2 protein chains.
Amino acid sequence: MSATPVPQLGDFKAYIASIDTFILDCDGVIWQADKLIPGVKETLQALKQAGKRVVFLTNNSSKSRAMYVAKFTSLGLDVSVNDIFGSSFAAADYLRQIKFDKKAYVLGAQGLLDELTSVGVQYVGGYKEDTVNPWTSIDQGYVEDNPEIGAVVVGFDPAINYFKLARAYTYIQQPGCLFIATNHDSTFPAKGGRLLPGTGTIVSALEVAHGSNALVMGKPSHFMLDCVKTAIGYDPARTVMVGDRLDTDIQFGLNGNLHTLLVLTGVTSLETLQSTSNAIRPEFYTPSFADLHAGLRGD
Amino acid sequence: MSATPVPQLGDFKAYIASIDTFILDCDGVIWQADKLIPGVKETLQALKQAGKRVVFLTNNSSKSRAMYVAKFTSLGLDVSVNDIFGSSFAAADYLRQIKFDKKAYVLGAQGLLDELTSVGVQYVGGYKEDTVNPWTSIDQGYVEDNPEIGAVVVGFDPAINYFKLARAYTYIQQPGCLFIATNHDSTFPAKGGRLLPGTGTIVSALEVAHGSNALVMGKPSHFMLDCVKTAIGYDPARTVMVGDRLDTDIQFGLNGNLHTLLVLTGVTSLETLQSTSNAIRPEFYTPSFADLHAGLRGD
């Protein structure tokens, strides 16, 4: 591992001139939970005025793109639905691209269901699925095969239970059935800085039972970048991935041969970034994404 | 990996003379689901008459030892509660041995709750825990710390849900809190030869969230053998582990420096056993445990 520290971004003006497309993670870059990070709104406005393309990427699978527009709007940010890429949208877009024509069995919240509906994928399950125990005894229970199911799609499902896991596991074993996960985040931040178990915990439960890994759509896998590529196109040499996490955001940017910029307004500290045990190294870091405003004002 | 095939047990009489203690897995050795394997009852009776010690080991965490006595009795087998070692008993016995004096938070069925009660461990949770969503929105939800909880004990829980996972994950993070799993079996056999997700799937979900592994009590870890050692004592040189699974039973015997005997009445086929890709090699194999009867009749 290199002992050379990751350099701090200095010449904002030259940097911004070298970039056409900014791909931004949301939580820890734009906002922290429900609080906008100071100066980010003005920076986004200035980037737009300078003719830059700005798109937003999130692994959160519980919200659809339309739900994200509502969140951006509530924070005073003017963002189009076409500029938002979530892991639920990526999963739906993947099924659309492969012309999936069977039914999906879904563990997931409304956002995932909405995205599947928007691309015409029929599904059963979802967070509202009847959760009454259909078995009088667990020793007697099993799930019937369902040849109509051609994919199990796993997102964050706050109504997860054993019977849903059993159904998902049974269908995954059917010949040719796809096993798709929106993302594999092990935790997510809840109120008060607490963490709660993330989608990755549900995905792992099924991976352990099945003995093989899900096709993961979210960062750091390439599917979400494929999704952005299909939608807007971009020149990797003039595109930067901006994020607060090394193992998702920065790894995602490195996987896509993009420029990479770490901000310190989220989970990664400067100490963690510069630790000799950290192998995931962005091109530059800067304390906040709002620092780029300096390069847009002609400072 | 050795290409020498595992030898089939031939001289039953000399073999039995060399063994004092037989440690037997149950499902796939004694019975298949609810059906006794032919000849096993007579073999067990003859072993007892020959003065051999026979004990029974199972990773199934949903039944207590008392529940297992009932199952043995229903199949016409006369077995004492002291001869049965389950992963729930091992978990309770471990807490007893370390003089655990806080409360346990339990994901598990009645068998685990009974075993904890039998050693005086106080607990909250269990499969009957209120499963109503206490949160109006997942975005608002989190679990309060509970300093009374000193261990999270995870067994098979058919009533697992997200809120129980969230509670378990929160408590595991408390300083000094133990993270104990009865077993890590990824699946278990349900009716009609179908598999269902096992305790290992629930344990893995929490391991992924927490970023570290549970202390696993069941086979192949050493805790269950410690449990047997404490209860009955044995000379490893004159003890055999008999089982139908390579990765749990046989590995468990090898870990304890016991003799190992694989039977083919359960999950492992002769082809799998003798495959060059199989690294877990018992000392001998025999088609059925009932074959040993030949060595007890003076054949």
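Bear in mind the structure is a predicted one, so any value in this text is a computation, not a measurement.

Draft legend 1. Region of the structure containing the side chain of D244(B). Within the secondary structure layout, D244(B) lies in the loop between strand 13 (239-243) and helix 9 (246-255). Ignoring sequence-local partners within four residues, the contact set of D244(B) consists of D25(B), D27(B), G28(B), V29(B), D249(B), L262(B), V263(B), G266(B), V267(B) and T268(B).

Draft legend 2. Highlighting the pattern of salt bridges. One pass over the full model with this rule turns up 20 salt bridges over all chains. For the salt bridge of K103(A) with E148(A), the shortest nitrogen-to-oxygen distance reads 3.2 Å. Here K103(A) is found in strand 6 (residues 103-107), whereas its partner E148(A) is found in the loop between strand 7 (122-125) and strand 8 (149-154), with 45 residues between them in sequence. The exposure class assigned to K103(A) is partly exposed, which follows from its relative accessible area of 24%. With its nearest N and O atoms 2.8 Å apart, the salt bridge here joins D25(B) to K219(B). Placement of D25(B) in strand 1 (residues 21-25) and of K219(B) in the loop between strand 12 (215-216) and helix 8 (223-232) is noted, with a sequence separation of 194 residues between them. Of the two residues, D25(B) and K219(B), neither departs from the other in class, the shared state being buried. Among the charged side chains, a salt-bridge network with shared partners connects D25(A), K219(A) and D249(A).

Draft legend 3. Expanded view of the domain arrangement of chain A. Residues and elements named next belong to chain A. Split into domains, chain A comes out as domain 1 (12-59 + 220-297) and domain 2 (89-216). Its C-alpha centre places domain 1 at a distance of 30 Å from the equivalent point of domain 2. Taking both partners together, domain 1 and domain 2 bury about 740 Å²; carbon and sulfur atoms supply 60% of that area. Of all residues in domain 1, N59, F223 and C227 give up the largest surface area on contact with domain 2, accounting jointly for 62% of the area buried on that side. Where domain 1 touches domain 2, the interface holds zero salt bridges. Our count for the contact surface shared by domain 1 and domain 2 stands at two residue pairs in polar contact (both at pLDDT 80 or more). Taken together, the residues of the side of domain 1 that touches domain 2 break down into three nonpolar, three polar and one charged.

Draft legend 4. Spotlight on the nonpolar core. Counting 59 residues, the largest nonpolar core has Y162(A), L206(A) and L206(B) as its most contacted members. With near-sequence residues (within four places) excluded, L206(B) lies in contact with L107(B), V154(B), L165(B), A168(B), Y169(B), I172(B) and F179(B).

Draft legend 5. Seen up close, the relation of the copies chain A and chain B. With an RMSD of 0.0 Å, the operation that places chain A on chain B is a rotation of 180 degrees combined with a shift of 0.1 Å along the axis. Taken together, the rotation and translation describe the operation of a two-fold axis. Among all residues of chain A, the minimum C-alpha distance to the rotation axis is found for N161(A), at 2.2 Å. When the interface residues of chain A are mapped onto chain B, 100% of them are again interface residues, pointing to one common binding face.

Draft legend 6. Inspection of the side chain of D185(A) at higher detail. All names here are of chain A. In this fold, D185 is placed in the loop between strand 9 (178-181) and strand 10 (187-189). Buried D185, no salt bridge; nearest opposite-charge side chain is R245, N-O distance 5.4 Å. Sequence-distant contacts of D185, that is, excluding residues within four places in its chain, are made with N59, G198, T199, G200 and T201.

Draft legend 7. Representation of empty space enclosed by the protein within the structure. Within this structure, the stated rule accounts for one cavity of 30 Å³ or more. Space inside the largest cavity adds up to approximately 80 Å³. I160(A), L165(A), I160(B), L165(B) and A205(B) are the residues nearest the centre of the largest cavity, which is lined by 13 residues in total. Elements represented by at least two residues in the lining of the largest cavity include exactly helix 7 (199-210) of chain A together with helix 6 (162-172) and helix 7 (199-210) of chain B. Along the lines of polarity and charge, the residues of the lining of the largest cavity split into nine nonpolar, four polar and no charged.

Draft legend 8. Representation of the UniProt feature "active site" (unreviewed entry) in chain A. Residues and elements named next belong to chain A. UniProt's entry tags D25 and D27 with the feature "active site" (unreviewed entry), counted in the numbering of this structure. Residue classification places D25 among the buried positions, given a relative accessible area of 7%. When sequence neighbours within four positions are dropped, the list of residues in contact with D25 reads I30, L57, K219, M241, V242, G243, D244 and D249. In this fold, D27 is placed in the loop between strand 1 (21-25) and strand 2 (31-32). Residues contacting D27, with those up to four places away along its chain left out, are Q32, A33, P189 and D244.

Draft legend 9. Structural context of the UniProt feature "binding site: substrate" (unreviewed entry) in chain A. All names here are of chain A. Those places that UniProt annotates as "binding site: substrate" (unreviewed entry) correspond, in this numbering, to K219. On the basis of relative accessible area, K219 is assigned to the buried category, the value being 4%. With near-sequence residues (within four places) excluded, K219 lies in contact with D25, L57, T58, N59, M224, M241, T248, D249 and F252. Of note is the side chain of K219, whose polar atom sits 2.8 Å from the side chain of D25.

Draft legend 10. Focus on the sheet that holds strand 12 of chain B. Residue and element names in this part refer to chain B. Across the sheet, which stays open at both edges, the five strands sit in the order 7-6-8-9-12 with parallel pairing between neighbours. This sheet does not close on itself; its edge strands, each paired only once, are strand 7 (123-125) and strand 12. Note that strand 6 (residues 103-107) and strand 8 (residues 149-154) share five bridges and pair parallel. Residue A104 lies in a different strand from strand 8, and its bridge partner there is A151. Strand contacts of helix 7: strand 6, strand 8 and strand 9 (178-181), with the helix running at about 155 degrees to strand 9, the strand carrying the most contacts.

So, how was this worked out
- Residues numbered from 1 in each chain as written.
- Chains lettered and ligands numbered in written order.
- Predicted model: local features only at pLDDT ≥ 70, side-chain atom pairs only at ≥ 80, totals over all residues.
- Heavy atoms only, no water.
- Helix = DSSP H or I, 4+ residues; strand = E, 2+ residues; numbered from the N terminus.
- Contact = heavy atoms within 4.5 Å.
- Salt bridge = Lys/Arg side-chain N within 4 Å of Asp/Glu carboxyl O.
- Buried < 20%, exposed > 50% of the residue type's maximum accessible area, 1.4 Å probe, protein only.
- Domains from an automatic or database assignment.
- Buried area = accessible area lost by both parts, 1.4 Å probe.
- Polar contact = N/O pair within 3.5 Å; in protein donor to acceptor, adjacent residues only side chain to side chain.
- Nonpolar A, V, L, I, M, F, W, Y, C, P; charged D, E, K, R; others polar.
- Core = buried A, V, L, I, M, F, W, Y, C linked by side-chain atoms within 4.5 Å.
- Least-squares fit on C-alpha atoms with pLDDT ≥ 70 in both.
- Lys, Arg positive; Asp, Glu negative; His and termini not counted.
- 1 Å grid on protein atoms, 1.4 Å probe; cavity = no way out; pocket = protein on both sides within 12 Å on 5 of 7 lines; lining within 4 Å.
- Points joined across faces, edges and corners; volume = space filled by probe spheres on them.
- UniProt positions renumbered as here; feature names shortened; annotations may be inferred.
- Pairing = 2+ DSSP bridges.
- Axes fitted to C-alpha atoms, helices over the stretch in contact; angles between N-to-C directions.

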